[in-house]
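Overview (structure and organization)
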Amino acid sequence: MIVRVNVTVNGEQCQADDVWPGESLLYLLRERLGLPGAKNACEQGECGSCTVYLDGVLVCACLVAAGQAQGRQVRTVEGLADGAELDPVQQAFVETGAVQCGFCTPGLVVAAHDLLNRVDRPTDPEIREALAGNLCRCTGYEKILEAVRLAASRRNPGGRPGEAAEGESR
Amino acid sequence: MDFLSPTSLAEALAAKARQPEAVPIAGGTDVMVELNFDQRRPSALLDLNRVAELSEWTVAGEHIRLGATVSYTRIIDELGTRLPGLAMAARTVGSPQIRNRGSVGGNLGAASPAGDTHPVLLATDAVVEAVSVRGTRMIPASEFYLGVKRNALAADELIAAVHLPITSAPQQFAKVGTRNAMVIAVCSVALALHPEQGRVGAALGSAAPTPRRALAAEAFLSAELGDTGQWSAPRPLPGSVVTRFGELVAQAAEPIDDVRGSAAYRRHALAVLARRTLDWAWQDYLRAGHGGE
Ligand SMILES: Cc1cc2nc3c(=O)[nH]c(=O)nc-3n(C[C@H](O)[C@H](O)[C@H](O)COP(=O)(O)OP(=O)(O)OC[C@H]3O[C@@H](n4cnc5c(N)ncnc54)[C@H](O)[C@@H]3O)c2cc1C
Ligand code: FES
Ligand code: FES
């Protein structure tokens, strides 16, 4: 069975034809919708480089069947920046040198973005836990941690790690 | 390949009855790996994500009825205090991305001997609610696992929910792996105190063809605690009791040598995990001040 899949990606209504419904959302995004931000490294949920939001929930796009994405909302790394202005997480990755070859970056940026939506000022253990499903072979992770700390401090300048921000809704 | 997207449980069961060979897909964290690597080419996929009944949990008397597709993340966030053992196991599963999608129904469907929820379901006397157009069967977890990746479901059945007793009694889960995240268990142990029944539940994972209860260890510890009046007036446990419990849990295993560890290592590690989980659970029990109850 070959089907048509309608899915909203980064706020835009998209349509793909001739889709094999057992192919992954990752394949759909990259090969049919021309969005190569999410990367394909393992296709088995181990590396996190394909991380995207599905209906606001952080997932590995390689583990979602294209048919399951029908009618859903997807947000990829391409949808984080506001026009030419990078998301604070992206900006922090650039400034701290958290990007080397860059292959892991899109997945890590989306995972860090999700963390900061849930926790205003995450502690280091919280950051490590939130990024445990994203592998990087280049940086040794230190600069990635630094990037997340920087982005968190900019989003919530008042708070300290481990503290919920005052008056800020989550 | 057909892709079936039922939007109610009744529709899903009708589809499964018509096409018993259709493979259910919930979070997809097991199924999609098999599809991506061409290990499986089912004639149909049956998507359970749009069946709202399966993604809810409710309180039913003394039990939680946990819908099959409720994610690990939701179990941790919403049921951590009522189902402490299951939430502990859920916290050790994969990564945030995996926990956001993976479900207990999927863990049961895959029935891997290494699945992390199985020892907890066994130790806590959980019951699997299997449904089909023919009706409902309540299958105790202890009768659900039949062999390596084989379970007691009939071809036309789906898991609707799992029923677990609500408890404030201590429960523990521990697993051995090569790092702290994203590991398949080398071996695992779950322990549940059932003070109201004067009994202990203990089970192990990843160390036999199926997850299984450690029956001799359960009987030994239950008798030991009962005979010495420990449920109503708990005291620190003698080291000899803790050691013997560990030995009996290890003896319940039938481990193999594989890439993750040798049989001898698994036996050794199981005894360690059993002693630790018992120490932790008993300390909790002492702290909660159950004396005189
Ligand atoms: C990177 C990674 C890490 C992992 N880490 C762990 C771990 O630490 N511990 C662990 O235990 N597992 C782990 N897993 C395995 C997997 O995440 C779990 O087994 C999970 O519980 C599967 O749930 P799911 O909803 O994704 O199942 P699916 O993949 O959707 O389904 C799994 C199986 O169950 C069947 N099924 C699903 N729902 C039902 C139902 N309602 N009725 C009948 N059959 C059903 C499917 O047909 C399939 O055979 C990991 C997987 C990955 C990819
Ligand atoms: S490509 Fe999806 S997790 Fe690696
Ligand atoms: S920067 Fe190269 S993999 Fe992370």
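Predicted, not measured: the structure shown is a model, and the values here were computed from it. All chains use their own residue numbering, which begins from 1 and follows the written sequence. By the order in which they are written, chains take letters starting at A while ligands take numbers starting at 1. Given that this is a predicted model, residues contribute local features only at a pLDDT of at least 70 and side-chain atom pairs are listed and counted only at 80 or more, while totals for whole chains, interfaces and linings are drawn from all residues. Side-chain calculation: all heavy atoms of the structure are included, whereas hydrogens and water are not.

Let us look at the pattern of salt bridges. Residue and element names in this part refer to chain B. The salt bridge criterion pairs a side-chain nitrogen of Lys or Arg with a carboxyl oxygen of Asp or Glu, the two atoms within 4 Å. Tallied over the full model, the rule gives 22 salt bridges over all chains. Notably, a salt bridge pairs glutamate 129 with arginine 65, separated by 2.9 Å at the nearest N-O pair. Of the two residues, glutamate 129 sits in strand β6 (residues 127-132) while arginine 65 sits in strand β5 (residues 63-67), which places them 64 residues apart along the sequence. Note that aspartate 125 and arginine 199 form a salt bridge whose closest N and O atoms lie 2.5 Å from each other. Taken as a pair, aspartate 125 in the loop between α7 (117-123) and β6 and arginine 199 in strand β13 (residues 199-205) lie far apart in primary sequence, 74 residues in all. Judged by relative accessible area, aspartate 125 falls into the partly exposed class, the value being 28%. The secondary structure listing takes helices from DSSP runs of H or I that are at least 4 residues long and strands from runs of E that are at least 2 residues long, numbered from the N terminus. We call a residue buried when its accessible area falls under 20% of the maximum for its residue type, exposed when it is over 50%, and partly exposed in between, using a 1.4 Å probe and counting protein chains only.

In the neighbourhood of ligand 1, 37 residues make up the surrounding shell, with Pro24, Thr29, Asp30, Tyr72 and Ser103 of chain B lying closest. The environment of ligand 1 is shared, with nearby residues belonging to chains A and B. Separating an oxygen atom of ligand 1 from a side-chain N or O atom of threonine 29 of chain B is a distance of 2.6 Å. The protein chains hide 93% of the 980 Å² of surface that ligand 1 would expose on its own. Looking at the shell around ligand 1, the elements that each hand over two or more residues are β2 (23-25), α5 (96-101), α6 (104-110) and β10 (158-165) of chain B. At five residues, α6 of chain B tops the list of elements feeding residues into the shell around ligand 1. A molecule or strand has a residue near it when one of that residue's heavy atoms lies within 4 Å. Pairs of N or O atoms are called polar contacts if they sit within 3.5 Å, as long as, within protein, a hydrogen donor faces a hydrogen acceptor (for residues adjacent in sequence, only side-chain-to-side-chain pairs). Only the protein chains shown count as covering a residue, and every accessible area follows the Shrake-Rupley method with a 1.4 Å probe.

What follows concerns the domain arrangement of chain A. Residues and elements named next belong to chain A. The source of the domain bounds is an automatic or database domain assignment. Domain annotation for chain A reports domain 1 (3-79) and domain 2 (88-164). Computed over C-alpha atoms only, the centres of domain 1 and domain 2 are separated by 23 Å. For any pair of parts, buried area is found by adding up, for both, the accessible area (1.4 Å probe) each one loses once the two are put together. Here domain 1 packs against domain 2, burying approximately 1100 Å² in sum over the two surfaces, 62% of which is carbon and sulfur. The largest per-residue losses of area from domain 1 upon contact with domain 2 belong to Tyr53, Leu58 and Val77, which jointly make up 40% of the total buried on that side. In this structure, the connection of domain 1 to domain 2 is made through zero salt bridges. Here domain 1 is connected to domain 2 by six residue pairs in polar contact (both at pLDDT 80 or more). When residues of the side of domain 1 that touches domain 2 are assigned to their parent elements, the largest contribution, three residues, is made by strand β3 (residues 51-54). Here the side of domain 1 that touches domain 2 is composed, by residue class, of six nonpolar, five polar and three charged. Following the grouping adopted for this structure description, the nonpolar residues are Ala, Val, Leu, Ile, Met, Phe, Trp, Tyr, Cys and Pro, the charged ones are Asp, Glu, Lys and Arg, and the polar ones are all others, Gly among them.

Strand pairing is assigned whenever DSSP identifies at least 2 bridges connecting the two strands. Pairing between strand β1 (residues 3-9) of chain A and strand β2 (residues 12-19) of chain A: six bridges, direction antiparallel. Its bridge partner lying in β2 of chain A, asparagine 6 of chain A is registered against glutamine 15 of chain A.

Two faces belong to every sheet, and in a regular strand the side chains alternate between them. Here strand β4 (residues 57-60) of chain B pairs with β5 of chain B via four bridges, running antiparallel. Paired with valine 59 of chain B across the two strands is isoleucine 64 of chain B, which belongs to β5 of chain B.

Residues and elements named next belong to chain B. Within the element layout of this structure, glutamine 283 appears in helix α10 (residues 263-287). The partly exposed category is assigned to glutamine 283, whose relative accessible area is 41%. Here the alpha-carbon distance between glutamine 283 and threonine 243, two residues 40 residues apart in the chain, equals 16 Å.

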